[in-house]
Amino acid sequence: QVQLVESGGGLVQAGGSLRLSCAASGRTDSTFAMGWFRQAPGKEREFVAAATWSGDITVYHYSVKGRFTISRDNGQNTVYLQMNSLEPEDTAVYYCAVARSRLMIQTAAYVKYWGQGAQVTVSS
C-alpha cells in the first residue's frame, strides 16, 4: 500500500508564498512522474503541475505558470510545489499525485495514488 503524506498548507495573504511537500512511502515506484492537483469548493479537481522522475520535464497549468515551481527529491521520494505570488483564486485543497505508469501525468486519468489533501487559503 502506497501512502502520500502532504504538508505545508496554510493561510497566506495575497502575494505571499507557500511550499507544499509530499512524501511517498510504501511499495511505490519512485521512477514514476509525480504532480499536484487542486480542488476548490464546488469545483472539479484540476491539474496544477507535474514533473518526470528526473525533473527535467515539467508541465504547468496556464493559470500558475511563472508563479509555481514543481521539484522533487528522489532520495527522499518527495515532491514539492513552491507557490509564489499567490492569489485568492489559488485557494483550494491541493492533492499530491503519483502516476500509474512511466507516462507523464496530464490528467487525473494518469494518476494511481493520491495524497490526503492540503488546504491552501489565500486572503485578499
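Visitor: Explain the pattern of salt bridges to me, using residue names and the numbers behind them.
Guide: Counted according to the given criterion, the structure contains four salt bridges. Between Arg38 and Asp90 there is a salt bridge, with its nearest N and O atoms 3.0 Å apart. Here Asp90 lies in the loop between β8 (78-83) and β9 (92-99) and Arg38 lies in strand β4 (residues 34-39), a separation of 52 residues in the sequence. Summarising the burial analysis for this pair, Arg38 and Asp90 share the class buried.

Visitor: Run through the sheet that holds strand β3 (residues 18-25), naming residues and quoting values.
Guide: With antiparallel pairing, four strands are arranged side by side in an open sheet as β1-β3-β8-β7. Each end of this open sheet is capped by a strand with a single partner; those strands are β1 (3-7) and β7 (68-73). The average angle at which neighbouring strand axes cross in this sheet is 15°, direction not considered. With six bridges joining them, β7 and β8 adopt antiparallel strand pairing. Residue Arg72 lies in a different strand from β8, and its bridge partner there is Val79.

Visitor: How would you sum up the packing of aromatic side chains? Please name residues and give values.
Guide: The full count for this structure, using the stated rule, is two aromatic pairs. Geometrically, the ring pair formed by Phe37 and Phe47 is edge-to-face, given 5.6 Å between the ring centres and 80° between the ring planes. With a gap of 10 residues between them, Phe37 in strand β4 and Phe47 in strand β5 (residues 46-51) connect regions that are remote in the sequence. When sorted by exposure, Phe37 lands in the same class as Phe47, which is buried.

Visitor: Kindly report on the nonpolar core, identifying the contributing residues and their values.
Guide: Counting 37 residues, the largest nonpolar core has Trp36, Leu81, Met83 and Tyr94 as its most contacted members. Only β3, β4, β5, β7, β8, β9 and β11 (118-123) provide two or more residues apiece to this core. At six residues, the largest contribution of residues to this core is made by β9.

Visitor: Please give an account of unusual backbone geometry that cites residues and values.
Guide: One non-glycine residue with positive phi stands out, namely Ser85, at about 50°. Note that Ser85 resides in the loop between β8 and β9.

Visitor: Residues and numbers for the pairing of β3, please.
Guide: When β1 meets β3, the two strands line up antiparallel, connected through five bridges. The residue of β3 that forms the bridge with Gln3 is Ser25. In this structure, β3 lies alongside β8, joined through six bridges in antiparallel fashion. The partner of Cys22 across the bridge, within β8, is Val79.

Cut-offs and rules
Residues numbered from 1 in each chain as written. Predicted model: local features only at pLDDT ≥ 70, side-chain atom pairs only at ≥ 80, totals over all residues. Heavy atoms only, no water. Salt bridge = Lys/Arg side-chain N within 4 Å of Asp/Glu carboxyl O. Helix = DSSP H or I, 4+ residues; strand = E, 2+ residues; numbered from the N terminus. Buried < 20%, exposed > 50% of the residue type's maximum accessible area, 1.4 Å probe, protein only. Pairing = 2+ DSSP bridges. Axes fitted to C-alpha atoms, helices over the stretch in contact; angles between N-to-C directions. Phe/Tyr/Trp six-rings, centres within 6.5 Å; stacked < 30°, edge-to-face > 60°. Core = buried A, V, L, I, M, F, W, Y, C linked by side-chain atoms within 4.5 Å.

Geometric values such as these leave the question of function open.
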